[in-house]
Amino acid sequence: MAADDASHVPAWVEPMLAKADGGRLRSGPEWAYEYKLDGYRAAMRIAPDGTTVLTSRNNIDFTAEFRDLAGVLTPALDGRAAYLDGEIVVYGEDGRIDFERMQERRGRYVRHQSGPKGREFTDVPVRFLAFDLLRLGDRSLLATPYDERRRLLAELPMPDPYRVSVVRAVTFDELAADRRTPADFLAHAASAGYEGVVAKLRSSAYLPGQRPDSWLKHPLVRTQEVIVCGWRPGQRSFTGTLGGLLLGAHDPGTGDLVYIGDVGTGFSQATRDDLQAQLRAMERRTHPFVTTPPREDTVRARWVEPQLVGEIVYRQFTRGGRVRHTAWRGLRHDKDPAEVLAPRAVPHEPASPSPPAPAPSSSSSPSPEPAGQRITVQAGDRRLTLSNLDKVLYPAAGFTKGEVINYYSRVAAVLLPHLAGRPVTFIRYPNGVDGQKWFEKNVPKGAPDWLRTVRLAGTGGTIDYPLLDDLPGLVWAANMAALELHVPQWTVDSGTRRPPDRLVFDLDPGPGTTIVDCCRVAERLHDALVADGLTPYAKTSGSKGMQLYCGIRTDDPAAPSAYAKRLAQRLAKETPESVTAVMAKAQRTGRVFIDWSQNNPAKTTVAPYSLRGRDHPTASTPVTWDEVRACRHVNHLTFTADDVLDRIEDHGDLLAGLAEDGAPLG
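Residues numbered from 1 in each chain as written. Predicted model: local features only at pLDDT ≥ 70, side-chain atom pairs only at ≥ 80, totals over all residues. Heavy atoms only, no water.

Student: What am I meant to see in unusual backbone geometry here?
Tutor: Most peptide bonds are trans, and most residues other than glycine sit at a negative phi. With a phi close to 60°, Arg 179 is a non-glycine residue in the positive phi region. On the secondary structure map, Arg 179 appears in the loop between α4 (172-177) and α5 (182-191). Since its relative accessible area comes to 73%, Arg 179 is described here as exposed. Here Asn 388, not a glycine, exhibits a phi torsion of approximately 55°, which is positive. By secondary structure assignment, the location of Asn 388 is in the loop between β20 (382-387) and β21 (392-394). A residue is classified by how much of its surface remains accessible, and Asn 388, at 15% relative accessible area, is buried. (Helix = DSSP H or I, 4+ residues; strand = E, 2+ residues; numbered from the N terminus. Buried < 20%, exposed > 50% of the residue type's maximum accessible area, 1.4 Å probe, protein only.)

Student: Can you help me understand the packing of aromatic side chains in this one?
Tutor: For any pair of aromatic rings, geometry is given as the distance between the ring centres together with the angle between the planes. Throughout the structure, instances matching the rule amount to 13 aromatic pairs. Ring geometry for Tyr 35 and Phe 185: centres 4.8 Å apart, planes at 15°, overall stacked. With Tyr 35 in strand β2 (residues 31-36) and Phe 185 in helix α5, the pair connects residues that are 150 residues apart, well separated along the chain. A relative accessible area of 1% places Phe 185 in the buried class. Considering the side-chain rings of Phe 289 and Trp 303, the 5.9 Å spacing of their centres and the 85° angle between planes classify their relative orientation as edge-to-face. Note that Phe 289 is positioned in the loop between α6 (269-280) and β15 (302-314) and Trp 303 in strand β15, a separation of 14 residues in sequence. As far as burial versus exposure is concerned, Phe 289 and Trp 303 are alike and both buried. Grouped by ring-pair contacts, the aromatic residues Tyr 33, Tyr 35, Phe 185 and Tyr 194 constitute a single cluster. Sitting above the plane of the Trp 490 ring, Arg 497 keeps its charged end 4.2 Å from the centroid. The residue whose ring lies beneath Arg 647 is Phe 639, and the NZ or CZ to ring-centre distance is 4.3 Å. (Phe/Tyr/Trp six-rings, centres within 6.5 Å; stacked < 30°, edge-to-face > 60°. Lys NZ or Arg CZ within 6 Å of the ring centre and 35° of its normal.)

Student: How should helix α9 (residues 515-531) be read in this particular structure?
Tutor: Because an α-helix completes one turn every 3.6 residues, residues spaced three or four positions apart along the sequence face the same direction. Between its first and last C-alpha, α9 extends 24 Å over 17 residues, near the 24 Å set by a 1.5 Å rise per residue. Of the positions making up α9, those classed as buried are Ile 515, Val 516, Cys 518, Cys 519, Val 521, Ala 522, Leu 525, His 526, Ala 528 and Leu 529. For α9, the side-chain oxygen to backbone nitrogen distance between the N-cap and Val 516 is 3.1 Å, and the N-cap itself is Thr 514. (Expected span 1.5 Å × (residues − 1). Polar contact = N/O pair within 3.5 Å; in protein donor to acceptor, adjacent residues only side chain to side chain.)

Student: Quick question: what am I supposed to make of the nonpolar core here?
Tutor: Soluble globular proteins: nonpolar side chains tend toward being buried together. Core analysis: the biggest nonpolar cluster contains 80 residues, and Tyr 407, Tyr 408, Val 411, Leu 485, Leu 503, Phe 505 and Met 546 have the highest contact counts within it. By residue number, the principal contributor to this core is helix α7 (residues 401-419), which donates 10 residues. Aside from chain neighbours lying at most four places away, what touches Phe 505 is Leu 525, Leu 529, Met 546, Gln 547, Leu 548, Tyr 563, Ala 564, Leu 567, Ile 594 and Asp 595. Counting 30 residues, the second-largest nonpolar core is a separate cluster that includes Cys 229, Leu 247, Ala 249 and Ala 342. (Core = buried A, V, L, I, M, F, W, Y, C linked by side-chain atoms within 4.5 Å. Contact = heavy atoms within 4.5 Å.)

Student: Even after reading the chapter, I still don't get the pairing of strand β13 (residues 242-250), so can you show me in this structure?
Tutor: Note on strand geometry: in a regular strand, side chains alternate between the two faces of the sheet. The buried fraction of β13 is high, at eight of nine residues. Where β13 lies against strand β14 (residues 257-263), six bridges are found, and the strand directions are antiparallel. From the neighbouring strand, Leu 246 faces β14, where its bridge partner is Asp 262. Where β13 folds back on β14, the antiparallel hairpin that results is connected by six residues, among which Gly 255 adopts a positive phi of roughly 80°. (Pairing = 2+ DSSP bridges.)

Student: Would you take a moment to explain the packing of α7 against helix α12 (residues 641-651) for this structure?
Tutor: Each pair of packed helices can be described by the angle between their axes along with the distance between the axes. Running from N to C, α7 and α12 point in directions that differ by 35°, and their axes come no closer than 11 Å. Crossing geometry of α7 relative to α12 is assigned as left-handed. Packed against α7, whose contacting residues are Tyr 407, Arg 410, Val 411 and Val 414, the element α12 presents Ala 641, Val 644, Leu 645, Ile 648 and Glu 649 at the interface. Looking at the contact of α7 with α12, its residues break down into seven nonpolar, no polar and two charged. (Axes fitted to C-alpha atoms, helices over the stretch in contact; angles between N-to-C directions. Left-handed = near helix turned anticlockwise from the far one by under 90°. Nonpolar A, V, L, I, M, F, W, Y, C, P; charged D, E, K, R; others polar.)

Student: Hey, could you run me through the side chain of His 418 in this one?
Tutor: If you trace the backbone, His 418 turns up in helix α7. Looking at His 418, its side chain comes within polar contact range of the side chain of Arg 502, at 3.0 Å. When neighbours within four sequence positions are excluded, His 418 is seen to be in contact with Val 487, Arg 502, Pro 608, Tyr 609, Asp 653 and Leu 655.

Structure representation (structure tokens):
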């Protein structure tokens, strides 16, 4: 990344990202704290001659849009190159960072792509707030500890702090010297209108493109009851159904019904259809608010009587009276619209955070989570104690642990046959999908004595695997936040590993491809497998790709891999421009990788109906071949937990015939 000449700006680096801290703000002398900013993440890359390039987190050139920031630091660098990581923000009249004004400014820029000549944006100045330094002169600082990077950043003169400045950072020790705590810093962040706090490990390196445990964000997320006052029809992939809801609440001072924003995420397809049906019967010609909402917010709006109460999660309530970063949680039939009050623009001081989590150990098992609220339930013939049911495991969707347990309980009838007799590997997310995850093969300490297990030899010794053969075992796993369940293509009987009974092809879309491309490859694999006397079944991975399965009969554990490899290589040879059978990442751009290696007895594949640790609670979902052939958009084969439950009602288990259709593997 060294500059070759005076005009050569440092090469772009994929930004390091912060992981959610699971609601526990870290504490201790090894941590430093920064405000979480509400703007556009950007890199400021400066050549020795002062040439400046501003780049978004996705490597989009921002320089023209924010040209007032270019060249500001040139006098301070004395001919040195530099690479600053930070955030571009806009301030409101009250001195707070105002993302709404940034969005307005962005809209004006987009409408004037030819480039405003001064007056367009003189009323909306921007500021670059730097929080990291990745290069100074010829020296890369990526491997340098955070403390040293921050020291070097703080030493850079700021010739125009109105345009470029450094984000405040404070260490735990500095807080302690002022007789303050991280909780106090968080309270100040809340009262000052920041999105939250980021705790950073002072000894940590900068890890491009990674979301490690050394940067942990503590967002100020809230829930809010809302009145559904209107809806918008969906567009593109949601054409014909509900796209989003327009929300209201009563002003706490006057009691008037006021518009507070909208919500367009967090809905399953079934929820969209159900809400649309209810709202159609409640439509009215005009909006119900005391004042007319902004026109840009109400394009295509269809108004309804303000009778339904729902709940959302949100990050911020602006001084303009709008909820931001919203996701739908569901209807609240227990609430009367008259009870719903709008939040206040200035947030209350938050409650003290939970006790700090202990430092991660070298063990693969997470520390037990706090007990929280506990309830006892009957699952089959067992009584289980469940905890923290309100804990949000999918923050983007507001999907809680209680909802995870509910999903696995309701899907058990079709899921358990695919787990029966198969050692299960868990991927656990005790602090949600934004937190640290653990791969767990060994039964964790504290497992109930009634849980069936099997001891098998592994590469590092013996492993005691759990066997989830019944509803109590499934609920127990869900209560541990074992969101993902992975199983091999073979079963055990009386503690002995049996030959494989399933053949699997894992279709993984490389960069530039999607599940739509996987479907085209799946169609070709289908025809080849049928020609060989096998019966293929398809399911989504719940992530980006999909899997094909065939029931097989063989006495040779190596036979499935050998067969799958030959077929994958054949398709790759026939169409090398769109298919690869090679795992190397360099071979995968623009191609679908047919991963035949998951037939290796040591490998596992995500189980049918298992949830995935994605932003939303998507699940690995069996699909029909008609659906595969018709797929022309990613959304056509993306299914959330609620979608899966609806599909089971309509189709039952689309993989039910897999065990019965076993054929000799030729």
